[in-house]
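Below, each chain spelled out in residue letters.
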Amino acid sequence: MRPSIMEEVEGLRGVNSVKIKEAHETGKKVVGMYCVFSPSEIALAADSIPVTLCGTTQAPIEDAEKELPRNLCPLIKSSYGFAITDKCPYFYFSDVLLAETTCDGKKKMYELMGKIKPMHIMNLPQTANDEDSLDLWKKEMVKFKNFIEEKLGVEITDEKLKNAIKLMNRERDAMKRLHKLNAHKPAPLSGMDMMLAQWLKGFNVDKESGINLIERLIAEIEDRMEKGIYAFDETAPRILLTGCPIGAGSEKVLKALEEAGASVVALENCTGYKGLDVMVDENKDPITALAEKYLSTPCSCMTNNNRRLDLIGRLAKEYDVDGVVDLTWQACHTYNIESFTVKKFVQEELKLPFIQIETDYSDSDTGQVKVRVEAFLETIERPATAK
């Protein structure tokens, strides 16, 4: 039986879709964002509500394909489909959009989306390994800050930025502590519930109440652990899921793993641990601190992306995983190519079983995914009995 507070967590999107409408009606501004590189702190410092707009469901893709090519990443098509159909209240009530140059598909899609609502695009450096890149990213932070001030008619002071940084660090800390509960063997929280809790934080209209909810969820899980209540037993293979971001509607690989008896204990992806690993330095100049934190994100759009290997290695050890699953969305070229490097690292350095699964948001290959997942789990040696 799952933690009772997960029912509240699962209801967040519906509750917040009402709250975002109410906030809009009272004059509150909304900033829609698409990526973990997006600095929510700047939006918060403008007394606006940052919300996640990245599409994770198949539903709007058919409409998107009327304007976008079919052989495009489902995340891009889903995001654009929501934009042109008005089926997403968070996009509908967004006053401005923040985009980023993480991949070619998103860049070209943003050209079309920018005709729907006011949009600012942050030009992301192609590497995070030199001072020039950091200087460029700092300038991009300032440009976004200036854009928000002009479009929303506000002034963003250093004090407001520092307060926003402290708030976001508190959210990251709560989410990180929730994630780290699954380092325990056996895991107290299913991968499905972990994914929902992490993903839904992007829809929190009220950050304080969202943090409080996660704190209560942590407390309930810790209480369950003291009573010996866990999501899986010790015989379940412990899996680290890496690769592309997932959310409600695109969880079929995660679901297939757990239905086959695996315990997905760590989510390295953008909607999991990736954005929680590094905090913003609260003692530095806020723009510099924000630039350093967000540029450290180990995304496959960066070259090189050795930080991702470092993160996978740390999570694999801390969470005592038995195998690694790399999820890649179709036509996501950066993650698809990088999967070869990840495979070599996992198999040769970590000495762990590895599988890459390339798929989309549809259910057309659900049976095939199930067969591949079950075959992969058979390669993992399991303890004969629980300790």
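Details of the structure are given in the entry above.
Basis of the calculations
- Residues numbered from 1 in each chain as written.
- Predicted model: local features only at pLDDT ≥ 70, side-chain atom pairs only at ≥ 80, totals over all residues.
- Heavy atoms only, no water.
- Salt bridge = Lys/Arg side-chain N within 4 Å of Asp/Glu carboxyl O.
- Buried < 20%, exposed > 50% of the residue type's maximum accessible area, 1.4 Å probe, protein only.
- Helix = DSSP H or I, 4+ residues; strand = E, 2+ residues; numbered from the N terminus.
- Contact = heavy atoms within 4.5 Å.
- Pairing = 2+ DSSP bridges.
- Axes fitted to C-alpha atoms, helices over the stretch in contact; angles between N-to-C directions.
- Phe/Tyr/Trp six-rings, centres within 6.5 Å; stacked < 30°, edge-to-face > 60°.
- Lys NZ or Arg CZ within 6 Å of the ring centre and 35° of its normal.
- Disulfide = S-S within 2.5 Å.
- Right-handed = clockwise from strand over helix to strand, strands pointing away.
- 1 Å grid on protein atoms, 1.4 Å probe; cavity = no way out; pocket = protein on both sides within 12 Å on 5 of 7 lines; lining within 4 Å.
- Points joined across faces, edges and corners; volume = space filled by probe spheres on them.
- Parallel < 35°, antiparallel > 145°, perpendicular 65-115°, else oblique.
- Left-handed = near helix turned anticlockwise from the far one by under 90°.
- Nonpolar A, V, L, I, M, F, W, Y, C, P; charged D, E, K, R; others polar.
- Lys, Arg positive; Asp, Glu negative; His and termini not counted.

Caption draft 1: View of the pattern of salt bridges. Overall, the coordinates contain 32 salt bridges when judged by the stated rule. Here K274 ties to E268 by a salt bridge, and the two come within 2.8 Å at their closest N and O atoms. One exposure class covers both K274 and E268, and it is buried. For D326, the salt bridge is made with R308, and the minimal N-O distance between the two is 3.2 Å. One end of the pair, D326, is in strand β7 (residues 323–329); the other, R308, is in helix α14 (residues 306–318), and 18 residues separate them in sequence. Here D326 and R308 have matching classes, each one buried.

Caption draft 2: Structural detail: helix α13 (residues 286–295). The element α13 is extensively covered by neighbouring structure, given that 9 of its 10 residues are classed as buried. Here α13 has its buried residues at P286, I287, T288, A289, L290, A291, K293, Y294 and L295. Residues of α13 that are buried in the fold lie against α3 (40–45), α8 (131–152), α9 (158–180) and α14.

Caption draft 3: The sheet that holds strand β2 (residues 49–52), seen in detail. Read from one edge to the other, the open sheet built from 4 strands follows the order β2-β1-β3-β4, with strand pairing classed as parallel. The outermost strands of the open sheet, each flanked by one partner alone, are β2 and β4 (119–122). Across this sheet, the average inter-strand angle for adjacent strands is 25°, counted without regard to direction. Bridge analysis of strand β1 (residues 30–33) against strand β3 (residues 96–100) gives 3 bridges, and the strand direction is parallel. Bridge pairing in β3 places V31 opposite V96. Along the sheet, helix α7 (residues 104–113) contacts β3 and β4; its crossing angle with β3, the most-contacted strand, is approximately 160°.

Caption draft 4: Fine view of the packing of aromatic side chains. The final tally for this structure, using the stated rule, is 6 aromatic pairs. Chaining the aromatic ring pairs together yields one cluster made of Y90, W199 and F203. The ring centre of F91 lies 5.5 Å from the NZ or CZ of K117, which sits over that ring.

Caption draft 5: Representation of the state of the cysteines in the model. If you walk through the whole model with that rule in mind, you get 0 disulfides. With no disulfide of its own, C103 lies closest to C332 among cysteine sulfurs, the gap being 6.6 Å. This cysteine, C270, is not joined by any disulfide, and C299 carries the nearest cysteine sulfur, 5.5 Å off. Since its relative accessible area comes to 18%, C270 is described here as buried.

Caption draft 6: Spatial organisation of the pairing of β1. Going residue by residue along β1, you find V30 and G32 tucked away on one face and V31 and M33 tucked away on the opposite face as well. For β1 and β2, the ladder comprises 4 bridges, and the chain directions are parallel. Within β2, the residue paired with V30 across the bridge is I49. The parallel pair β1 and β2 is bridged by α3, and the resulting crossover is right-handed.

Caption draft 7: Broad picture of the layout of surface pockets. Of the voids in this model, the second largest pocket is the one considered here, and its volume is about 190 Å³. What lines the second largest pocket is a set of 13 residues, among which K28, L44, D47, S48 and L167 lie closest to the centre. Of all the secondary-structure elements, those providing two or more residues to the lining of the second largest pocket are α3 and α9. When residues of the lining of the second largest pocket are assigned to their parent elements, the largest contribution, 4 residues, is made by α9.

Caption draft 8: Just the packing of helix α12 (residues 252–259) against helix α16 (residues 366–378), in detail. One way to put it is that α12 packs onto α16 with a least axis distance of 9 Å and a crossing angle of 50°. Between α12 and α16, the angle falls in the class oblique. For the pair α12 and α16, the crossing hand works out as right-handed. Two secondary-structure elements touch here, α12 through K252, V253, A256 and L257 and α16 through T366, V369, V373 and L377. Classifying every residue of the contact of α12 with α16 gives 6 nonpolar, 1 polar and 1 charged.

Caption draft 9: How the structure looks around the environment of K162. Of note, K162 is situated in helix α9. C-alpha separation for the pair K162 and A45, spaced 117 residues apart in sequence, amounts to 8.3 Å.

Caption draft 10: Main features of the side chain of E220. Tracing the chain through its elements places E220 in helix α11 (residues 207–226). The buried charged residue E220 lacks any salt bridge partner; its closest oppositely charged side chain belongs to R224, at an N-O distance of 4.7 Å. Residue contacts for E220: discarding those within four places in its chain leaves P3, S4 and I5.

Caption draft 11: Representation of the packing of helix α10 (residues 191–200) against α12 in the model. At a minimum axis distance of 9 Å, the contact between α10 and α12 shows a crossing angle of 150°. Looking at the two axes, α10 sits roughly antiparallel to α12. Judged by residue contacts, G191, M192 and M195 of α10 engage L254, K255 and E258 from α12. Each residue belonging to the contact of α10 with α12 can be placed in one class, and the counts come to 3 nonpolar, 1 polar and 2 charged.

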